[in-house]
Structures are given as structure tokens and as C-alpha cells.
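One letter stands for each residue in the lines below.
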Amino acid sequence: MCGISAILLGDPKATTAAVDLHESLYYLQHRGQDAAGIAVCQGGRVYQAKSNGLASKVFDEGRRIAELPGFMGISHLRYPTAGTSSASEAQPFYVNSPFGLSMSINGNITNPQEVARFLDQEARRHVNTASDSELVLNVFANALNELGKARANVDDIFTALRDVYKRCIGAYSCVAMVAGFGLLAFRDSNGIRPLCLGSRPSATIDGAKDYFLASESIALTQLGFTDVVNIKPGEAVFIQKGGVPQFKQIEKRDSWSLDIFEMVYFARPDSELDGISVHRSRENMGRKLAKKIKDTLSKEAFDEIDVVIPVPETSNTSASILAQEMGKPFSNAFVKNRYIFRTFIPGQKARRAGIRRKLSCIKSEFKDRVVLLTDDSIVRGNTSREIVQMAKEAGAKKVLFVSCSPEIRYPHVHGIDLADRDELIAYGKTAEEVATAIGASEVVYQSLDDLKDACREAIQDGYEKIDFETGVFSGHYTTPVPEEYFEHLERLRSNKKRKAAAITESEGGTQTVLVASGGPVNVSSRNHIQEEDVKGPENREDVSIYNFAGKA
Ligand SMILES: O=P(O)(O)OC[C@H]1O[C@H](OP(=O)(O)OP(=O)(O)O)[C@H](O)[C@@H]1O
Ligand SMILES: NC(=O)CC[C@H](N)C(=O)O
Ligand SMILES: [Mg+2]
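This structure is a prediction, so every number in the text was calculated from the model and none was measured.

Draft legend 1. Representation of the overall build of the protein within the structure. The number of helices and strands found in the protein is 16 helices and 25 strands. The burial tally for the protein puts 60% of its 552 residues in the buried class. In the protein, the share of contacts with a sequence separation of at least 24, taken over all contacts with a separation of at least 6, comes to 70%. With the model as given, the accessible surface of the protein reaches about 21400 Å², and the carbon-plus-sulfur share is 46%.

Shown next as C-alpha cells:
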């Protein structure tokens, strides 16, 4: 997942776009913690800053914002799902031709090889990183260029965008900036990734409005933007400098299938996505799971449960309703260290070590009790395995584990790097086998139908009843996923594993080895190397490169 935002101030002479963008990064930080970036435009000039790390680090607690003057801009928070975690893949991406285009993307394309081939052999554009987002930007740039205009108008922008929909398969919400001209935003034809737009009165020009787009509504409401509308699947909006939003349905809507994992885990509870209150959906998940538990457990097993305990913090809302519905006491018996961030997001090794640093327990709440631990999801099982162990160490008589979402058995291909299939703890296992693997006496999962209903019933009045992308649970994806994409994912991940092994080996030996698509290569033989890639041992995690066209 990534977080994106964009702003166009009603006053073209204003210079403070980056102030609001920077502020929005703190409301969206949970969506991506690997890299952060902002690009703004003043007059016709683009200024940008981006790097690996949290927003506070990249922008030096806001001190660097003064270096980013402009009346419009876009931002990005990255959690990589393609390419590498190199700083060179931090977004926004920029291409100078035509017109100076910057773009930030939340999503993932599932035909990167095909797009890379097109750009390389037909469009003859050089793509400098392994990021799929850089491909999307170049497809757009190429299409705009092909129109052969010295200056583009809004219709040209929309016309060029058609090529992106035609060539890029997958899930994407994008914000883009055309230097000196205006802001563009668009959403894939199934609306898998969220994107909304709001407005507020300009601070300096009477009657004019500022416009803001973001992945989640909370960024808009916290910054004083109202009249929030959701960009529809296949729809684009362009806001010209000094103008008002112009909407256009670029591609026929295939469906409206918001990724259900937004409600399960990613989005903040104080956001509304496509009219769905995330908070309400999580309450509903708790309510439905209570019923499933009652139906699954024997009367004795149900009655002996002493207390319901959430695994902070995504599951807090669901767990409290679950306890209420089950008629059981609720206890915040795991304490979350507020200085540790989400453990799901960083690399696998960091995840396990992070869990105990992040969660500790109040022993007296566990001692001699039968405890029901509740989490929003079980992915690799690292969190559940560790905290079941902690509950036992604290003296729990028996530990049951319940999940507000169903078994995750399939790769996520639409913008969340869940894991390799064989890393998913539920892959090829029954609930009983998962229970054994994590050390719990019982595991109960929410059913997929109940999860969908929980989200559907949280759609506010006046909003369209939408559907959901649920591929990780069902194996059926909303978009066609070419078989070669799964192979590509596997190759990418095994390259990462081989790279990790190669680095470990080299630490005791002679040289740092980079791994490209064809196998280990020497630094000097790699042609698309980025300056950031070779800085030193602290950046070794970032050195692999995978070139879709096989040019590395
Ligand atoms: O099975 P696993 O691979 O361990 O992943 C699942 C866990 O990861 C997430 O928590 P995370 O710590 O990221 O964030 P949270 O504090 O927002 O719940 C999620 O809420 C689960 O607790
Ligand atoms: N999580 C995302 O939306 C990632 C965007 C893009 N695929 C990248 O890896 O940078
Ligand atoms: Mg969690």
C-alpha cells in the first residue's frame, strides 16, 4: 500500500502547497513507511524532495518544506510492491518530456513486462528503475508526446490517459502534475485503490477554492477540506491552475471493487472510503465473528472463555464489539509501545523482532484464564505465534485465536506486498493446522461472505452499493492476472532471498554481490545502477535491480 495526496491552491501566486502536502503525510503515514516524497510547482518550475524513511525524517521534521515553494503539488508515501526498496524508486517520479510531468501512484500493475517491452522497443523511452509506477508515468508521457502538440489542453490530457488504461493492467489510483498547467487524478476501471477529492475556500482569493486529493478522507477533513467526493472507477479529474475540477469517464467502468483489505487492516478507522465508514465496518466484523464463534465452538468451549483480548491496534474496534456480543469481559491486556510502528510492513526479519518490542502484556490479565485473542488478520502468523507464546508465558490456561478476516491463502497482486504463497500461514492448511502452527488451542476465521457483508453494511446512506476485491481470500482476482506475473513475482522474491544470502556471504568475504534477473552480477557489470544503490552496507537491502526487459 502507499499513500498519495495532491493539492492545487486557488491562488496561483501562493507558495504554500507543500505545507499542506507535508501535513497530509502524517495522516497517511500508516499506508507506507519505506519512503516519502513531495513535488511542487511554482510558475513552471518543479521542485521535489524524496528519500527513504518516514516523512518526519525525509523532511527533517518539516524544516525542508521551505525548499519546496509552489501553488500545487503531489506527494507519496511508499510501501513497495514492485521493484526494490531503493531510494531511487521513491515517488513522485518525474519526466521532463513532454511538459514536465510528475506522478505518484498507489497500486500495482500486473503486466509490467509487457509495458516495459512496449516502452523499450516501441516508445523508445528509457525507464531507469524497476518500479512499475515509473512505467505508468512513461506510458502517459509517451501518449501525450504522440499527440505532437507544443502545448496540451485538458482534452489532450484525457486523450493521452486512455493509453494508460489500455496498456496498464492492474489496480492504481494516481495523482499527477503537469508543470505550470494543473493537477490530474485518476483511478483504475475497477476502483480497487481508493481516491477522494475535497475543497475549501482559498485563504487569499475571494470566491476561489483550494482542491485536495488523497487516498483517505481523513487527510482531507483534518486539513479543513469538505464536500468530499470519491473518484469513480475509470474516472479522471483535471484541475487547471485557477480553475475548477473537470471530471471525465476515461474508461468504461468494469466494476466498483474496493480492496477489502483496506477495511480489514490498512485504512485508518476515522476514514471513509467510497462511503464506507472503516470504523463501522470493523464493528460489523466483530459482530459477525461473534456469531461464527458461537456456531463453531462447543457450548463448553464457549462458556469457559474468561476474557476477550485484542491484538493492538487494528483489531481493537472489532474485539470490543465481539466481547460485547459474546457477553464476555474485554481487556486491553496487550500494551502497544507507541514508539514502534506497524510490524506488518517492514521486512520479514524486522517483523519478528519488532513484535515483542511493540507488544507487551499485563500478566495478571492472563494468569489462570482462558483467553480469546482477536486480530484483524493472520498473514504469516508471526504476530499470532509470538503473542500466543506471550499469553502462555503470562500464565494463560488456554489460548484461542480468532481472526476478523478469512484465511489468507493467495498472493495479493493489487498493491499490497503480503507474502509469497508459501509464507502465508494458512496456505495449504486447515484452521486446526494453523492453530497447531501458532500454538493456539483453536483458531476461528471470519467467513468471506460475512466479511463482505460487514463492509457492505457500513456503506453510508446516499452512496452507491459497491463490491470488493477479495483475491487474497478467494484466489479470484477482479482483474485478469497474466500467469507470467505470478512467475515474475516468484522470481523477484527469490532474487531478494538470493540477494540476502549473497550479502551475508560477502560480509565475511571479499565483495558485495548484486543479484539481477539473470543471477548474481558484479557491481561493475550493471548498467542501470543508481547512486543510492551503492552507498554502503547500510543500503545493501536496497541494491538489487530487476529489469523487466531483461536489460540489466
Ligand atoms: O501474521 P502476520 O504476518 O504477523 O501479520 C498480521 C499482523 O500484522 C498486522 O499488524 P501490525 O503490527 O502491522 O499493525 P497494527 O498495530 O496496526 O495492527 C495485522 O494487524 C496483524 O496483527
Ligand atoms: N504500495 C503501493 O501502492 C506501491 C506502489 C508501487 N507499485 C511501488 O512499489 O512503488
Ligand atoms: Mg496488528
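Further notes follow.
Draft legend 2. Spotlight on a negative patch on the surface. Judged by side-chain charge, Glu114, Asp422, Glu483, Glu484, Glu487 and Glu490 come together as a negatively charged surface patch. In terms of residues, the negative patch owes the most to one element, helix 16 (residues 483–507), which gives four residues. Mapped onto the fold, Glu114 is located in helix 3 (residues 112–122).

Draft legend 3. Main features of helix 5 (residues 154–167). Compared with an ideal rise of 1.5 Å per residue, which puts 14 residues at 20 Å, helix 5 spans 21 Å between its outermost C-alpha atoms and is within 8% of the ideal. All buried positions along helix 5 are accounted for by Val154, Asp156, Ile157, Phe158, Ala160, Leu161, Asp163, Val164 and Tyr165. Contact partners of the buried residues in helix 5: helix 4 (132–146), strand 7 (170–178), strand 8 (182–187), strand 12 (235–240) and strand 13 (245–249). The N-capping residue of helix 5, defined by a side-chain oxygen 3.1 Å from the backbone nitrogen of Asp155, is Asn153.

Draft legend 4. Inspection of the UniProt feature "binding site: Mg(2+)" (unreviewed entry) in the protein at higher detail. Mapped onto this numbering, the UniProt entry annotates "binding site: Mg(2+)" (unreviewed entry) at Thr314, Asp375 and Asp376. Sequence-wise these annotated residues cover 63 residues; spatially they are packed, their C-alpha atoms never more than 7.5 Å apart. Topologically, Thr314 is positioned in the loop between strand 17 (307–310) and helix 10 (316–326). With relative accessibility at 10%, the residue Thr314 sits in the buried group. Topologically, Asp375 is positioned in strand 20 (residues 370–375).

Draft legend 5. Layout of the sheet that holds strand 1 (residues 3–8). In spatial order, the strands read 3-2-4-1-10-9-11; together these seven strands make up an open sheet with antiparallel pairing. The open sheet has two edge strands, strand 3 (45–52) and strand 11 (226–230), and neither has a second partner. Within this sheet the neighbouring strands show an average axis-to-axis angle of 15°, counted without direction. Judged from the eight bridges that link them, strand 2 (residues 35–42) and strand 3 form a sheet pairing that is antiparallel. Its bridge partner lying in strand 3, Cys41 is registered against Val46. Here helix 1 (residues 17–28) sits on the sheet and contacts strand 1, strand 2, strand 4 (72–78), strand 9 (196–201) and strand 10 (209–214); the angle it forms with strand 4, its principal contact strand, is near 25°.

Draft legend 6. Local environment of the UniProt feature "active site" (unreviewed entry) in the protein. Here, the residues flagged by UniProt with the feature "active site" (unreviewed entry) are Cys2. Looking at the secondary structure, you find Cys2 in the segment before strand 1. Those residues in contact with Cys2, other than ones at most four positions away along the chain, are Arg31, His76, Leu77, Arg78, Tyr79, Ile105, Asn106 and Ser215.

Draft legend 7. Looking closely at the sheet that holds strand 17. Strand order in the open sheet formed by four strands is 17-20-21-22, and the pairing between neighbours is parallel. The open sheet has two edge strands, strand 17 and strand 22 (442–445), and neither has a second partner. Strand after strand, the sheet turns through a mean of 25° between neighbouring axes, direction not considered. In this structure, strand 17 lies alongside strand 20, joined through four bridges in parallel fashion. Following the sheet pairing, Pro310 is matched in strand 20 by Thr374. Contacts between helix 8 (residues 278–296) and the sheet are confined to strand 20, strand 21 (398–403) and strand 22, with strand 22 contributing the most and set at about 135° to the helix. Sheet contacts for helix 10: strand 17, strand 20 and strand 21; angle to strand 17, the most-contacted strand, approximately 170°.

Draft legend 8. Layout of the site of ligand 2. With respect to spatial proximity, 15 residues lie near ligand 2, and among them Cys2, Arg78, Tyr79, Gly107 and Asp132 are the closest. At 3.2 Å from an oxygen atom of ligand 2 is found a main-chain nitrogen or oxygen belonging to Ala82. Calculation on ligand 2 without its partners gives an accessible area of 290 Å², and the protein chains cover 100% of this total. Here the shell around ligand 2 gets four residues from one element, more than from any other, and that element is strand 6 (residues 101–109). Classifying every residue of the shell around ligand 2 gives six nonpolar, seven polar and two charged.

Criteria and thresholds
- Residues numbered from 1 in each chain as written.
- Chains lettered and ligands numbered in written order.
- Predicted model: local features only at pLDDT ≥ 70, side-chain atom pairs only at ≥ 80, totals over all residues.
- Heavy atoms only, no water.
- Helix = DSSP H or I, 4+ residues; strand = E, 2+ residues; numbered from the N terminus.
- Buried < 20%, exposed > 50% of the residue type's maximum accessible area, 1.4 Å probe, protein only.
- Contact = heavy atoms within 4.5 Å.
- Areas by Shrake-Rupley, 256 points an atom, 1.4 Å probe, with all protein chains shown as cover.
- Patch = residues over 30% accessible without salt bridge, like charges linked within 9 Å, V, L, I, M, F, W, Y side chains within 5 Å.
- Salt bridge = Lys/Arg side-chain N within 4 Å of Asp/Glu carboxyl O.
- Lys, Arg positive; Asp, Glu negative; His and termini not counted.
- Charge placed at Lys NZ, Arg CZ, Asp CG, Glu CD.
- Expected span 1.5 Å × (residues − 1).
- Polar contact = N/O pair within 3.5 Å; in protein donor to acceptor, adjacent residues only side chain to side chain.
- UniProt positions renumbered as here; feature names shortened; annotations may be inferred.
- Pairing = 2+ DSSP bridges.
- Axes fitted to C-alpha atoms, helices over the stretch in contact; angles between N-to-C directions.
- Near = heavy atom within 4 Å.
- Nonpolar A, V, L, I, M, F, W, Y, C, P; charged D, E, K, R; others polar.

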